[in-house]
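# Observations on the model geometry
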Amino acid sequence: MKERRVLHTIRALETSDGAGVRLKRALGHNPAVRLDPFLMLDAFSSDNPDDYIAGFPAHPHRGFETVTYLIEGHMKHRDHLGNEGDLKQGGVQWMTAGRGIIHEEMPQQQDGLLRGFQLWINLPAAEKMKPAGYRDVADTEMPRLDLPGGGQVKAIAGEVVLDGETLTAPMAGGVTDPLYLDVVLRPEERLTVPLTAGHNAFLYLFEGGLAVAGEAVPAEHTAVLDDGDQVTLEAGRRGARLLLLAGKPLGEPIAQYGPFVMNTQEEIEQALRDYRAGTLTEPAA
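Going by the annotation in an unreviewed UniProt entry, the name recorded for the chain is Pirin, with Alloalcanivorax profundimaris given as the source organism. Looking at the Sequence similarities (unreviewed entry) heading of the UniProt record, one finds this comment for the chain: "Belongs to the pirin family."

With that settled, the discussion passes to the UniProt feature "domain: Pirin C-terminal" (unreviewed entry) in the chain. This chain's UniProt record puts "domain: Pirin C-terminal" (unreviewed entry) on residues 180–280. As annotated, residues 180–280 has a helix share of 13% and a strand share of 55%, and its two end C-alpha atoms lie 30 Å apart.

In this fold, Leu210 is placed in strand β19 (residues 200–212). As a C-alpha pair, Leu210 and Pro187 span 23 residues in sequence and 9.7 Å in three-dimensional space. Excluding its chain neighbours within four sequence positions, the residues that come into contact with Leu210 are Leu185, Leu203, Leu205, Glu215, Ala216, Val217, Leu233, Glu234, Ala235, Gly236, Ala240 and Leu242.

Considering all chains together, one arrives at 15 salt bridges under this definition. Its salt-bridge partner being Arg25, residue Asp42 comes within 2.7 Å of it at the nearest N-O pair. Residue Asp42 is found in strand β4 (residues 38–46), and its partner Arg25 is found in strand β3 (residues 21–27); the two are separated by 17 residues along the sequence. Judged by its relative accessible area of 4%, Asp42 is buried. For Glu127, the salt bridge identified is with Lys130, shortest N-O distance 3.3 Å. Residue Glu127 is classed as partly exposed on the basis of its relative accessible area, which comes to 23%. The exposure class assigned to Lys130 is partly exposed, which follows from its relative accessible area of 31%.

This brings us to the packing of aromatic side chains. Tallying each qualifying case throughout the model produces 7 aromatic pairs. Geometrically, the ring pair formed by Tyr204 and Phe206 is stacked, given 6.5 Å between the ring centres and 15° between the ring planes. Note on accessibility: Tyr204 and Phe206 belong to one class, buried. Three or more aromatic residues joined by ring pairs form one cluster here, namely Phe117, Tyr204 and Phe206.

To continue, consider the sheet that holds strand β5 (residues 56–61). Taken in spatial order, the 4 strands make up an open sheet running β5-β10-β7-β8, and their pairing is antiparallel. With partners counted over all chains shown, the strands left at the sheet margins are β5 and β8 (84–88), one partner each. Shown here is a sheet whose adjacent strand axes are inclined to one another by a mean of 20°, direction ignored.

Here the focus is helix α1 (residues 265–277). Spanning 13 residues, α1 covers 18 Å between terminal C-alpha atoms, matching the ideal 18 Å at 1.5 Å per step. Burial in α1 covers these residues: Ile268, Ala271, Leu272 and Asp274. Around the axis of α1, the buried residues are gathered within 165° of arc, so they sit on the same side. Opposite the buried face of α1, by more than 90 degrees, sit the exposed residues Glu266, Arg276 and Ala277. Buried residues belonging to α1 abut β23 (255–257) and β24 (260–262). With its phi angle positive at about 80°, Gly278 sits one or two positions after the end of α1.

Conventions we followed
In every chain, residue numbers begin from 1 and rise along the written sequence. Note on the predicted model: pLDDT of at least 70 is required for a residue's local features to be given, and 80 or more for side-chain atom pairs to be given and counted; whole-chain, interface and lining totals, by contrast, use all residues. Each side-chain value is worked out from all heavy atoms of the structure, with water and hydrogens disregarded. UniProt positions are given in the numbering used here, feature names are shortened, and annotations may be inferred rather than shown by experiment. Numbering of helices and strands runs from the N terminus, with a helix taken as a DSSP run of H or I at least four residues long and a strand as a DSSP run of E at least two residues long. The criterion used for residue contact is that any of the two residues' heavy atoms lie within 4.5 Å. Just to be clear on terms, a salt bridge is a Lys or Arg side-chain nitrogen sitting within 4 Å of an Asp or Glu carboxyl oxygen. Relative accessibility under 20% of the residue-type maximum defines a buried residue, over 50% an exposed one, and the middle range a partly exposed one, all with a 1.4 Å probe and only protein chains included. Only centres within 6.5 Å qualify two rings of Phe, Tyr or Trp (six-membered ring in Trp) as a pair; their planes then separate them into stacked at under 30 degrees, edge-to-face at over 60, and tilted for everything else. Any two strands are treated as partners once DSSP identifies two or more bridges connecting them. Only the contacting stretch of a helix is used when fitting its axis, a line to C-alpha atoms as for every element, and angles between N-to-C directions run 0 to 180 degrees. Multiplying 1.5 Å by the helix residue count minus one yields the expected span of that helix. The directions from the helix axis to the C-beta atoms are what the arc is built from.

Encoded structure:
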């Protein structure tokens, strides 16, 4: 088995999105810090309602998928199709923008901690114009494995075999075959996770301290991993909590303008025309 090592780390940058929601962009600050098929990862965490209460009012998307994982708090979402969902603590909303969707995500609590992540996963050219849709996955639907040292692994997407036990998340497969794990390690606990060779992989450390193959990963940094069959994680003295993600790269050109991600500039310009004409979400003729 070939161990994966850290290629480089990326410090999460403070920014804001939506109507002023404060967050940290862990991946995707610019085209140079994407990792095919992953376009962006945002982390948000605040107990100050001024940082999040304005939420993400109605906005469009085309050409990719968003995965919103809420660790703490409560958020409602709705879209142009008339769908409404209620994302609660520990739950995931998996949205496929496809040809086009207009949706909003609005925090519901007036105080308390709102904490979570939003991941953008690219769609292949053949699927960018498919119908939009989404799925809500409750916390109780996602499998977990309690580790011998006291830690825990939660499978948000994909399938992984750990200690002889297979964890299969409700969302699995697809062209990019994403693996998305929430990993909690106790102080100085070690965990080896098998990863598909040839798939791009990264982790985001958001609590505690961590080393990968003996190399320390700074807190609130993304660590991009090289190729291999597995990665060994070792928590520091305060333990660690991280997201571990892997996926099959598409190897296709990317053209992006804000919430539109296509393959060519001409397709971006068409998306803008469709949005301005009110036809972004209409089925193709």
